[in-house]
Amino acid sequence: MPFERFFIPTRVVFGKGALKKLGEEVEFLGLNPQRTAIICSPSAVSNGYVKQIKEEIKGEVEVFSGVSQEPTVENAKEILEEVRKFSPSLIVAVGGGSPLDVAKAVSAMLTNEGRLEDYIGVPEAFKNPGVPLVAVPTTAGSGSEVTPYAVLTDRERMRKAPLISHRLFPALAIDDPTLTLSMPRSVAVNSGVDAFTHAVESLLSKRAKTTSKLYSLKSAELVFKFLPRSAGNPADLKAKEEVMRGSLLGGIAISLAGAGLVHTLAHILGVLKRVPHGLANGVFLVPVLRLYGLSAKEEIEELGRAIGTGGDYQKVIEEIENWLKFLGIPQSLKELGVEKSDIPFFVEKCMEKRFLMGNLPKIPSEREVRELLQTLV
Ligand SMILES: [Fe+2]
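Per chain, residue numbering runs from 1 following the sequence as it is written. Where local features are concerned, this predicted model is filtered to residues with pLDDT of at least 70; where side-chain atom pairs are given and counted, the filter is 80 or more; whole-chain, interface and lining totals use all residues.

**Things to note about the pairing of strand 5 (residues 133–137)**
Think of it as a crowd count around each C-beta: if 20 or more other C-beta atoms lie within 10 Å the residue is buried, if 12 or fewer it is exposed, and in between it is partly exposed, with C-beta placed from the backbone throughout. Counting from the N terminus, the helices are DSSP H or I runs at least four residues long and the strands are E runs at least two residues long. Among the five residues of strand 5, five are classified as buried, and the element is accordingly described as predominantly covered. Here strand 5 shows no split at all, with L133, A135 and P137 on one side and V134 and V136 on the other all buried. One requirement defines pairing of two strands: DSSP has to find at least two bridges between them. One ladder, built from five bridges, connects strand 4 (residues 90–95) with strand 5; its direction is parallel. Bridge pairing links A93 to A135 in strand 5. We call a crossover right-handed when, viewed with the strands running away from us, the connection from the first strand over the helix to the second turns clockwise. Handedness of the crossover joining strand 4 and strand 5 through helix 5 (residues 97–109): right-handed. In this sheet, strand 8 (residues 172–175) lies alongside strand 5 in parallel orientation, the contact comprising two bridges. Directly across from A135, in strand 8, lies its bridge partner A173.

**Focus on the pairing of strand 4**
The buried fraction of strand 4 amounts to six of the six residues, a majority that puts the element mostly inside the structure. Side-chain alternation along strand 4 places L90, V92 and V94 on one buried face and I91, A93 and G95 on a second face that is also buried. Alignment of strand 2 (residues 35–40) against strand 4, held across five bridges, turns out to be parallel. Looking at the pairing, C40 lines up with V94 of strand 4.

**Some remarks on the environment of N233**
Along the chain, N233 falls in the loop between helix 7 (210–232) and helix 8 (237–257). With 13 C-beta atoms packed within 10 Å, N233 lands in the partly exposed category. Considered as a pair, N233 and R185 are 48 residues apart in the sequence and their alpha carbons are 8.8 Å apart.

**Some remarks on the packing of helix 6 (residues 185–204) against helix 7**
Two numbers describe how helix 6 lies on helix 7: the axes approach to 8 Å, and their chain directions differ by 155 degrees. In terms of axis orientation, helix 6 runs roughly antiparallel to helix 7. Viewed along their axes, helix 6 and helix 7 form a crossing whose handedness is left-handed. Side by side, helix 6 and helix 7 meet where R185, A188, V189, G192, A195, F196, H198, A199, V200, S202 and L203 of the first sit next to S212, K213, S216, L217, S219, A220, V223, F224, L227, S230 and A231 of the second. Residue composition of the contact of helix 6 with helix 7, grouped by class: 13 nonpolar, seven polar and two charged. Each axis is a line fitted through C-alpha atoms, and for a helix only the stretch in contact is used; angles between axes span 0 to 180 degrees, taken between their N-to-C directions. Each angle receives one of four descriptions, namely roughly parallel if under 35 degrees, roughly antiparallel if over 145, roughly perpendicular if within 65 to 115, and oblique otherwise. Left-handed describes a crossing whose near helix is turned anticlockwise from the far helix through less than a right angle; right-handed describes the clockwise counterpart. It is the C-beta atoms, placed from the backbone, that decide contacts: two residues are in contact if theirs lie within 7 Å. In this classification, the charged set is Asp, Glu, Lys and Arg, the nonpolar set is Ala, Val, Leu, Ile, Met, Phe, Trp, Tyr, Cys and Pro, and all remaining amino acids, among them Gly, are polar.

**Here's the deal with the sheet that holds strand 4**
In space, the six strands of this open sheet follow the order 1-8-5-4-2-3, with parallel pairing throughout. The open sheet terminates on both sides in strands that have one partner only, identified here as strand 1 (11–14) and strand 3 (60–64). Within this sheet the neighbouring strands show an average axis-to-axis angle of 15 degrees, counted without direction.

**Some words on the nonpolar core**
Across soluble globular proteins, nonpolar side chains show a tendency to be buried alongside one another. In terms of nonpolar packing, the biggest core is built from 125 residues, with I39, A93, V106, V134 and A220 touching the most fellow members. Segmentation into domains, and thus their bounds, comes from an automatic or database assignment. Here this core gathers at least three residues from each of two domains, domain 1 (11–179) and domain 2 (183–374). If we ignore the near neighbours within four places in the chain, the residues touching V134 are L22, V26, L90, V92, P170, A171, L172 and I174. For this analysis, nonpolar core means a set of buried Ala, Val, Leu, Ile, Met, Phe, Trp, Tyr and Cys residues linked through C-beta atoms within 7 Å.

**Some words on unusual backbone geometry**
Positioned with a positive phi, E70 is a non-glycine residue whose angle comes to about 45 degrees. The phi dihedral of S87 falls on the positive side, at around 50 degrees, and the residue is not glycine. Within the fold, S87 resides in the loop between helix 4 (73–86) and strand 4.

**Here's the deal with the domain arrangement of the chain**
Partitioning the chain into structural domains gives domain 1 (11–179) and domain 2 (183–374). Here domain 1 and domain 2 have C-alpha centroids that lie 25 Å from each other. Domain 1 puts 23 residues into the contact, and the matching count from domain 2 is 27 residues. Among the elements of the structure, strand 1 and strand 7 (159–164) are those that each provide at least two residues to the side of domain 1 that touches domain 2. Looking at the side of domain 1 that touches domain 2 residue by residue, the classes come out as seven nonpolar, ten polar and six charged.

**As for helix 4**
Helix span, expected: 1.5 Å multiplied by one less than the number of residues in the helix. Its 14 residues give helix 4 an end-to-end C-alpha distance of 20 Å, which sits within 8% of 20 Å, the value for a rise of 1.5 Å per residue. All of the buried residues in helix 4 are V73, N75, A76, I79, L80 and V83. Along helix 4, the residues classed as buried sweep out an arc of 150 degrees about the axis, all on the same side. Among the exposed residues of helix 4, those oriented more than 90 degrees off its buried face are E81 and K85. In the core, the buried residues of helix 4 are packed alongside strand 2, strand 3, helix 5, strand 6 (149–154) and strand 7. For this quantity, the arc is that covered by the directions from the helix axis to the C-beta atoms.

**Concerning the packing of helix 7 against helix 8**
Two numbers describe a pair of packed helices, the interaxial angle and the distance between the axes. For the pair helix 7 and helix 8, interaxial distance at closest approach is 7 Å and the crossing angle is 150 degrees. By the angle between their axes, helix 7 is roughly antiparallel relative to helix 8. Of the two elements, helix 7 crosses helix 8, and the hand of that crossing is left-handed. For the pair helix 7 and helix 8, contact is made by T211, S212, Y215, S216, K218, S219, L222, V223, F226, L227, R229 and S230 and by A239, K240, E242, V243, R245, G246, L249, G250, I252, A253, L256 and A257, respectively.

**Description of the environment of A171**
Along the polypeptide, A171 turns up in the loop between strand 7 and strand 8. Separated by 143 residues in sequence, A171 and Q314 have C-alpha atoms that sit 41 Å apart.

**Re helix 6**
Between its first and last C-alpha atoms helix 6 spans 29 Å; for 20 residues at 1.5 Å apiece the expected length is 28 Å, and the two agree. Buried residues dominate helix 6, accounting for 18 of its 20 residues.

So, in C-alpha cells, the structure goes:
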C-alpha cells in the first residue's frame, strides 16, 4: 500500500462526568434524538446508567437490554429485529465491548440490505452509512468506541464472526471514567489486559507507522502503569481514568494498524471455552511474544522503554509475564478447561486465519502454533 491512511471519524468526549455532555454533544453533531434506541445488557439498567442516559435525550426512548455476554450472531439478530420495529433515528450503546459491538452491527444492518451473515468477515461490505451511533463504554479495554470492528460469536461454525467496516465507527464516544467504577475486579483486569494487548499487537504489526505507534506506546504505558492500581482499588478514579485513556488510545491504535496472533488465538479460545476476551488475550500474550522473539526484537524493546522496564526484549517479555501474573491472569490453558485433545481444533482454526496474518512480525508455521499450545496444556 503506497499511502498511509489515518481515519478515526468519531468525536470523543473524555473525562469525569462526560456523560452529562451527551445531550449537548448529540445536538452539536446535528444528530436526531427524536427516536432513540438504547442498546445494552441488563446490568446497564440495574446500575442506573440507562436512566442517566435517558435524562440526556430529548426525544422518545426505547431500551433494548437483551445483549448477552460474548454475544452471538443470533443474539445480535434478535435485537436487530426488535430495534427495526422501533425505527430509531439514533442509537446509544452503553456497556462493555459486547453491547457496543452488537449496537454497531444493528446500526449498520438497519440501513443495509441482506442478512447479517452476508457481512461477516467481508471487509468494507456495508455500502450505506448506519443509523448514527453514540458509544458509552462502561469498561476500559475494548476500545470499541473508536474502532471499525464488531466481533460476534458464530456458535454454529464455532468461530468468531467479525464485521469490519468504516461504517461501524460510532459518530460519538462518551468516555466517562466514573462509569467504570462499577466494574468488578475481574472485569477491570480482563478488559484492561485487552487494552494492553491492543497496544502491543498494533505496535508489532507490520502496518504500524509513526502515527499509530504514538497511540500504541502511550496506551501501553498508561495501562501497564495504572491497571494494577485500578484493579486493586475499585474506587481509585485517577487510575480508572488513566486505564480508560489507555483503552481509548489502544482502540485508535488497532484501528490504524490492526491486531495480531494473540487476538486470533484468543478468539478461538473464546469460542471453544467461552473465556472472556481480555482474559484469553492475557493467556496468549507472552507465549506469542516469545514465538516472535528476534523478529520483533526492536519493537519489544521500544515497548520496554515505554512501559518503563527497559532492558533487552527477553527482559521486557519477562516483566510483562510478571505483570500478568500479578494481575492474576492464568499461565496455562489447562486452568481454563483446555485439554491436549483440543489442540488439533486450535491449530486448524488458527491456520484458517493464515491469510489474515500478513501484518504479523513473523508468520508462524503450523508446527510453531502447535508447540506454543502444547506448552500451555
Ligand atoms: Fe481485543
